[in-house]
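# Architecture and fold: a report
What follows is each chain in one-letter form.
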Amino acid sequence: MRYIRPLSIEDAVGQLAGSAGTAAILAGGSDLLVRMKGGFAEPELIVDIKAIDGLSEIRETAEGFSIGAAVPCAVLGENTALKKAWPGVVEAAKLIGSKQVQGRCTIVGNLCNASPAADSVPALVAAGARAVVVGPAGRRTIPVQSVPTAPGKTSLAKGEIIEAILLDKREPRSGDAYLRFIPRTEMDIAVVSAGVNLTLDEHGVVKSARVALGAVAATVLLVEEAAEVLVGSRLDEATLERLAKVCAGACRPIDDKRGTIEFRRKVAGVLAQRAATSAYARAGGK
């Protein structure tokens, strides 16, 4: 096994692209090191990206926020501007692991681990987040939801690295929220999760929305029909009931020891209702 710590994204891409065997990227390591210790991964090359300039920074620009691939989730929670603009994204990131893990884990690692139950991904999808991908062919920007393609698999080609996650500047009267169901009070994997992002008009009516569900399909679901239910409403009881029905119907879950298909569908609707209510309140709705 070779371990390298490149100082530039170009060097990291070159090393990954030129590797003859299996290669892995190390940012926080909270997924990679566990897989290695369990014997599920044996990379011949490990590329540590933490020393690359800019990858451990959160940058606020006129367009929004750029979150570097090596920024620990704990740092997201310490950024006042990011918490104010995107509270749902931050609260999702803060649910990953324990306090010790929070100091190491990253939302990009959570995304690239490609678990359907990843906490940060539904919130990022609901937020319309984009991933900046750098590879041998150059730099491209893609929607976050197009990165995971199946459990444990991504759309990234050989040599490609996600450099940063981009979140747009919020419109006035906007809010987002993320909720999950777990059997324990903390440090567990989501059985079902939901992220909702809303923008209201000056009368408190929803003018745009995004709804994402996690742990109910092979990848996170962006439920466009659920967003259509919310647009034009003030989240009255009838709207919330339709939202729950649509979200339950959109699920493609499995039966396993953590939850049945019927249970996951029911909970998906309930969490979508609660997340939408919270996002609406954060956007200033009454």
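Quick note: structure is the one above.
Okay, so let's go over this structure.

The rules behind the values
Residues numbered from 1 in each chain as written. Predicted model: local features only at pLDDT ≥ 70, side-chain atom pairs only at ≥ 80, totals over all residues. Heavy atoms only, no water. Helix = DSSP H or I, 4+ residues; strand = E, 2+ residues; numbered from the N terminus. Buried < 20%, exposed > 50% of the residue type's maximum accessible area, 1.4 Å probe, protein only. Axes fitted to C-alpha atoms, helices over the stretch in contact; angles between N-to-C directions. Parallel < 35°, antiparallel > 145°, perpendicular 65-115°, else oblique. Left-handed = near helix turned anticlockwise from the far one by under 90°. Contact = heavy atoms within 4.5 Å. Nonpolar A, V, L, I, M, F, W, Y, C, P; charged D, E, K, R; others polar. Pairing = 2+ DSSP bridges. Phe/Tyr/Trp six-rings, centres within 6.5 Å; stacked < 30°, edge-to-face > 60°. Lys NZ or Arg CZ within 6 Å of the ring centre and 35° of its normal. Disulfide = S-S within 2.5 Å. Salt bridge = Lys/Arg side-chain N within 4 Å of Asp/Glu carboxyl O.

### Describing unusual backbone geometry
- Unusually for a residue other than glycine, Arg173 sits at a positive phi of about 60°.
- For Arg173, the position within the fold is in the loop between β10 (161-168) and β11 (174-181).
- Positive phi values are uncommon outside glycine, yet Ala215 reaches one of about 65°.
- Residue class for Ala215 comes out buried when judged on its relative accessible area of 14%.

### Regarding the packing of helix α10 (residues 237-250) against helix α11 (residues 261-282)
- In contact at an axis separation of 8 Å, α10 and α11 are set at 135° when each is read in the N-to-C sense. With respect to α11, the axis of α10 lies oblique. Remark: the crossing between α10 and α11 carries right-handed chirality. Taking contact as the criterion, the partners of Leu240, Glu241, Leu243, Ala244, Cys247 and Ala248 in α10 are, on α11, Arg265, Ala268, Gly269, Ala272, Gln273, Ala276 and Thr277.
- Taken together, the residues of the contact of α10 with α11 break down into eight nonpolar, three polar and two charged.

### With respect to the environment of Thr141
- In this fold, Thr141 is placed in strand β7 (residues 138-143).
- Counting along the chain gives eleven residues from Thr141 to Arg130, while the straight-line C-alpha distance between them is 6.4 Å.

### A short note on the sheet that holds strand β14 (residues 221-222)
- The strand order across the open sheet formed by four strands is β11-β12-β13-β14, and the pairing between neighbours is antiparallel. Edge positions in the sheet fall to β11 and β14, since each of these pairs with one other strand and no more.
- As paired strands, strand β13 (residues 206-214) and β14 are joined by two bridges and run antiparallel to one another. The residue bridging Ala212 from the neighbouring strand is Leu222, located in β14.

### What to know about the packing of aromatic side chains
- Under the definition given, this model contains one aromatic pair.
- Taking NZ or CZ as reference, Arg170 lies 3.6 Å from the ring centre of Trp86, over its face.

### Re the environment of Ile46
- Relative to the elements of secondary structure, Ile46 occurs in strand β3 (residues 45-48).
- The class for Ile46 is buried, based on a relative accessible area of 7%.
- Residues in contact with Ile46, not counting those within four places in the same chain, are Met1, Arg2, Tyr3, Ile4, Ala24, Leu26 and Met36.

### Here's the deal with the state of the cysteines
- This model, assessed by the stated rule, comprises zero disulfides.
- No disulfide involves Cys112; its nearest neighbouring cysteine sulfur is the one of Cys73, lying 13 Å away.
- The class for Cys112 is partly exposed, based on a relative accessible area of 27%.
- There is no disulfide at Cys247, and the cysteine sulfur nearest it, in Cys251, is 7.1 Å away.
- Under the relative-accessibility criterion, Cys247 is labelled buried at 0%.

### Focus: the pattern of salt bridges
- The final tally for this structure, using the stated rule, is 13 salt bridges.
- Salt-bridge contacts for Lys50 lead to Asp48; the nearest nitrogen and oxygen are separated by 3.0 Å.
- Asp256 serves as the salt-bridge partner of Arg264, at 3.2 Å between the closest nitrogen and oxygen.
- Using a relative accessible area of 33% as the deciding quantity, one classes Asp256 as partly exposed.

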